[in-house]
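Now for the letters of each chain:
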Number of protein chains: 2
Amino acid sequence: MSEFILDERLAASTVHALDLPLSRVLVMNDARWPWLILVPRRAGMVEMFDLEPADRMMLIEELAMAGKQLKALTGCHKINIANLGNVVAQLHIHVIARNPDDPADPAGNGPVWGKGEAIPYEPQALQDFVQAVVKMF
Amino acid sequence: MSEFILDERLAASTVHALDLPLSRVLVMNDARWPWLILVPRRAGMVEMFDLEPADRMMLIEELAMAGKQLKALTGCHKINIANLGNVVAQLHIHVIARNPDDPADPAGNGPVWGKGEAIPYEPQALQDFVQAVVKMF
């Protein structure tokens, strides 16, 4: 059984916040949206249906918890939860806080992916957000 | 307990294929991508975390089945599974077949939402696809 290794493109654009029973929780270093990525710590997974059913049960509970707590933390209007994987194949699920005035096109409605360049957090703001995420769980 | 009623914007852009134990399965009438939408038949749901845990278990199994079978049917490269809900609040989850040469921007990598206008299927092609979706489950 091979070992789980985080895709290096995911690692490069995020900060590792914590590990849940199944998933690694990453914070996207993009101050435009409060944005988490959950990566099931299982080697070789690409699609949700690649996971064992028991892992899928854990995954959806971890996603629901992440979404609920991110909404409580940010007071956002809507949570987006999405597995795309068009660019990075390793199974990873986005959990993103959306608001009507956010910088998507159209604001609040359009998808966030592929929308311009990430705006990195200021170091203190990044540390504060990561700490808040750790405390969410 | 109020009754489940499908949002009329979802109804207007889709065809009802079948009902699973939890979810209504809709076929998006957009020939650019093989595209299903699963709508849990529970009134008043907006976020995945609004569902009861037992319903979430059913939901992720229905999504996994839909994704696996849509991939088998279409031979696509990747399945996208996403709950956005920025425009239509009623909880609904997209299951979309993606390919490297598909009409997203960039092709195969960009998100499909908000990308130009839907191209309706020819009537026979729509009927054939809906029938194939019914047989998937």
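Scroll up for the structure.
Counting from 1, residues in each chain are numbered in the order their sequence is written. Here every chain gets a letter starting at A, and every ligand a number starting at 1, in the order they are written. Only residues with pLDDT of at least 70 are given local features in this predicted model, and only at 80 or more are side-chain atom pairs given and counted; all residues enter the totals for whole chains, interfaces and linings. Hydrogens and water molecules were not included; the side-chain quantities draw on all heavy atoms of the structure.

## Structural notes on helix α3 (residues 123–136) of chain A
Residues and elements named next belong to chain A.
Logical step 1: Secondary structure elements are defined from DSSP: runs of H or I of at least 4 residues count as helices, runs of E of at least 2 residues count as strands, and each element is numbered from the N terminus. Here the expected span of a helix is defined as 1.5 Å times the quantity of residues minus one. The terminal C-alpha atoms of α3, which comprises 14 residues, lie 20 Å apart, in line with the 20 Å expected from a rise of 1.5 Å per residue.
Logical step 2: Taken as a whole, α3 has its buried residues at L126, F129, V130, V133 and M136. When α3 is viewed along its axis, its buried side chains cluster within an angular range of 110 degrees and face the same direction. Facing away from the buried side of α3, by more than 90 degrees, are the exposed residues P123 and K135.
Logical step 3: The contact criterion used is simple: two residues touch if any of their non-hydrogen atoms lie within 4.5 Å. Elements in contact with the buried residues of α3: β1 (14–19), β2 (23–28), β3 (35–40) and α2 (53–74). Between buried and exposed lies partly exposed: a residue is buried under 20% and exposed over 50% of the maximum accessible area for its type, with that area taken using a 1.4 Å probe on protein chains only. The arc in question is the one traced by the directions running from the helix axis out to the C-beta atoms.

## Some points on helix α2 (residues 53–74) of chain B
Logical step 1: Look at α2 of chain B: 31 Å from first C-alpha to last across 22 residues, which is about the 32 Å you get at 1.5 Å a residue.
Logical step 2: Regarding α2 of chain B, the residues found buried are D55, R56, L59, I60, E62, L63, A64, A66, G67 and L70 of chain B.
Logical step 3: Against the buried residues of α2 of chain B lie α2 of chain A together with β2 (23–28), β3 (35–40), β4 (78–83), β5 (93–98) and α3 (123–136) of chain B.
Logical step 4: Immediately downstream of α2 of chain B, the backbone of G75 of chain B shows phi near 65 degrees, a positive value.

## A look at the packing of aromatic side chains
Residues and elements named next belong to chain A.
Logical step 1: Stacked, tilted and edge-to-face pairs are distinguished by plane angle, under 30 degrees for stacked and over 60 for edge-to-face with tilted covering the rest, among Phe, Tyr and Trp rings (Trp via its six-membered ring) whose centres lie within 6.5 Å. Inspection of the entire model under this criterion finds 5 aromatic pairs over all chains.
Logical step 2: Centroid distance W33 to W35: 6.0 Å. Interplanar angle 70 degrees. Geometry classified as edge-to-face.
Logical step 3: Overall, the relative accessible area of 0% leaves W33 in the buried class.

## Thoughts on the pairing of β1 of chain A
Residue and element names in this part refer to chain A.
Logical step 1: Pairing between strands requires that DSSP locate at least two bridges from one strand to the other. Note that β1 and β2 share 5 bridges and pair antiparallel. Bridge pairing in β2 links D19 to R24.
Logical step 2: Count of turn residues in the β1/β2 antiparallel hairpin: 3 residues.

## Points about the relation of the copies chain A and chain B
Logical step 1: The transformation that overlays chain A on chain B combines an axial shift of 0.0 Å with a rotation of 180 degrees, and the residual RMSD is 0.0 Å. Classification of the inter-copy transformation places it as that of a two-fold axis. By C-alpha distance to the rotation axis, the residue of chain A lying nearest is A82 of chain A, at 2.0 Å.
Logical step 2: Interface overlap between copies: 100% of the residues of chain A at the interface are likewise at the interface in chain B, consistent with a symmetric, same-surface contact. Each copy is superposed on the other by least squares, with the fit set by C-alpha atoms of residues at a pLDDT of at least 70 in both.

## Some remarks on the sheet that holds β3 of chain A
Logical step 1: Strand order in the open sheet formed by 10 strands is β1(A)-β2(A)-β3(A)-β5(A)-β4(A)-β4(B)-β5(B)-β3(B)-β2(B)-β1(B), with antiparallel pairing between adjacent strands. The open sheet has two edge strands, β1 of chain A together with β1 (14–19) of chain B, and neither has a second partner. Pairs of neighbouring strands in the sheet enclose a mean axial angle of 25 degrees, with direction left out of account.
Logical step 2: The sheet contact formed by β3 of chain B and β5 of chain B spans 4 bridges and is antiparallel. For helices, the axis comes from a line fit to the C-alpha atoms of the stretch in contact; other axes are also lines fit to C-alpha atoms, and the angle between any two N-to-C directions lies between 0 and 180 degrees.

## Here's the deal with the interface of chain A and chain B
Logical step 1: Each partner contributes residues to the interface: chain A has 31 residues there, and chain B has 31 residues.
Logical step 2: Taking both partners together, chain A and chain B bury about 2900 Å²; carbon and sulfur atoms supply 63% of that area.
Logical step 3: Of all residues in chain A, the largest losses of buried area upon contact with chain B belong to F49, K78 and N86 of chain A, amounting jointly to 23% of the total for that side.
Logical step 4: By definition, a salt bridge exists where a carboxyl oxygen of Asp or Glu is found within 4 Å of a side-chain nitrogen of Lys or Arg. Linking chain A to chain B there are 6 salt bridges.
Logical step 5: Across the pair R56 of chain B and E61 of chain A runs a salt bridge, and its minimum N-O distance is 2.7 Å.
Logical step 6: Under this definition, polar contacts are N or O atom pairs within 3.5 Å; protein pairs additionally need one hydrogen-donor-capable and one acceptor-capable atom, and for neighbouring residues in sequence, both atoms have to be side-chain atoms. Counting across the interface, chain A meets chain B through 18 residue pairs in polar contact (both at pLDDT 80 or more).
Logical step 7: Residue assignment for the side of chain A that touches chain B shows that the elements contributing at least two residues are α2 and β4 (78–83) of chain A.
Logical step 8: In terms of residues, the side of chain A that touches chain B owes the most to one element, α2 of chain A, which gives 10 residues.
Logical step 9: Residues were grouped as follows: Ala, Val, Leu, Ile, Met, Phe, Trp, Tyr, Cys and Pro as nonpolar; Asp, Glu, Lys and Arg as charged; and all remaining residues, including Gly, as polar. Here the residues of the side of chain A that touches chain B sort into 15 nonpolar, 9 polar and 7 charged.
Logical step 10: With 3 bridges connecting them, β4 of chain A and β4 of chain B associate as antiparallel partners. In short, buried area is how much 1.4 Å probe accessible area vanishes from two parts on joining, totalled over both.

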